[in-house]
Amino acid sequence: MKIDEIKGKEVIDDKGNVLGEVEDIDLNFRNRRIEGIVLRAGGLTGKIGRGETKVIPCNMIDAIGEKVLLKAKPLTQEDLDVITGGE
């Protein structure tokens, strides 16, 4: 897949929420690897080019097709304690 084919795709979290669109690709020129995608936050400010940008690391991407799907956030120890009641 070419970089231009990824730019502009919607980014969806594991709950189905649209987070924004892929603005660019974060490249590491030293090792010639893609580090992640640059996400332009959604909403009105994102549509006029003033939205906040964030880099989503590659290990958080589940699939790239018509949309970019993110993996579920791994559970922290605090999350597990809440679920299990601290046992």
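Further up the page is the structure itself.
Worth saying up front: this structure is predicted, and the values here are computed from it rather than measured. (Residues numbered from 1 in each chain as written. Predicted model: local features only at pLDDT ≥ 70, side-chain atom pairs only at ≥ 80, totals over all residues. Heavy atoms only, no water.)

(A) The arrangement of the overall build of the chain in detail. Looking only at helices and strands, one finds 3 helices and 6 strands in the chain. Along the chain, helices (α) and strands (β) appear in the sequence α-β-β-β-α-β-β-β-α when read from the amino end. For the chain, restricting intrachain contacts to residue pairs at least 6 apart in sequence, the fraction spanning at least 24 positions comes to 23%. Total accessible area on the chain is roughly 6,700 Å²; 50% of this is exposed by carbon and sulfur atoms. (Helix = DSSP H or I, 4+ residues; strand = E, 2+ residues; numbered from the N terminus. Contact = heavy atoms within 4.5 Å. Areas by Shrake-Rupley, 256 points an atom, 1.4 Å probe, with all protein chains shown as cover.)

(B) A look at unusual backbone geometry. Here Arg32, not a glycine, exhibits a phi torsion of approximately 55°, which is positive. Secondary-structure assignment places Arg32 in the loop between strand S2 (18-28) and strand S3 (33-41). Judged by relative accessible area, Arg32 falls into the exposed class, the value being 78%. (Buried < 20%, exposed > 50% of the residue type's maximum accessible area, 1.4 Å probe, protein only.)

(C) Main features of the nonpolar core. Within the largest apolar cluster, 10 residues are counted, these being Ile6, Val11, Val22, Ile25, Ile37, Leu39, Ile56, Ile61, Val68 and Leu70. Contributions of two or more residues to this core are made by S2, S3 and strand S6 (68-70). The contact partners of Val11, leaving out residues within four places of it in the chain, are Asn17, Val18, Leu19, Gly20, Glu21, Val22, Ile37, Leu39, Val68 and Leu70. (Core = buried A, V, L, I, M, F, W, Y, C linked by side-chain atoms within 4.5 Å.)

(D) The arrangement of a nonpolar patch on the surface in detail. Together, Ile3, Leu27, Phe29 and Ile34 line one region of the surface with nonpolar side chains, adding up to about 390 Å² of accessible area. Here Ile3 shows up in helix H1 (residues 3-6). (Patch = residues over 30% accessible without salt bridge, like charges linked within 9 Å, V, L, I, M, F, W, Y side chains within 5 Å. Salt bridge = Lys/Arg side-chain N within 4 Å of Asp/Glu carboxyl O.)

(E) Summary view of the sheet that holds S6. Pairing is mixed in the open sheet, where 6 strands are placed in the order S4-S3-S2-S1-S6-S5. The open sheet has two edge strands, strand S4 (53-57) and strand S5 (61-64), and neither has a second partner. Here the strands of the sheet are splayed against their neighbours by 35° on average, with no regard to which way each runs. Across 3 bridges, S5 lies against S6 in antiparallel orientation. From the neighbouring strand, Ala63 faces S6, where its bridge partner is Leu69. (Pairing = 2+ DSSP bridges. Axes fitted to C-alpha atoms, helices over the stretch in contact; angles between N-to-C directions.)

Structural measurements only, silent on function.
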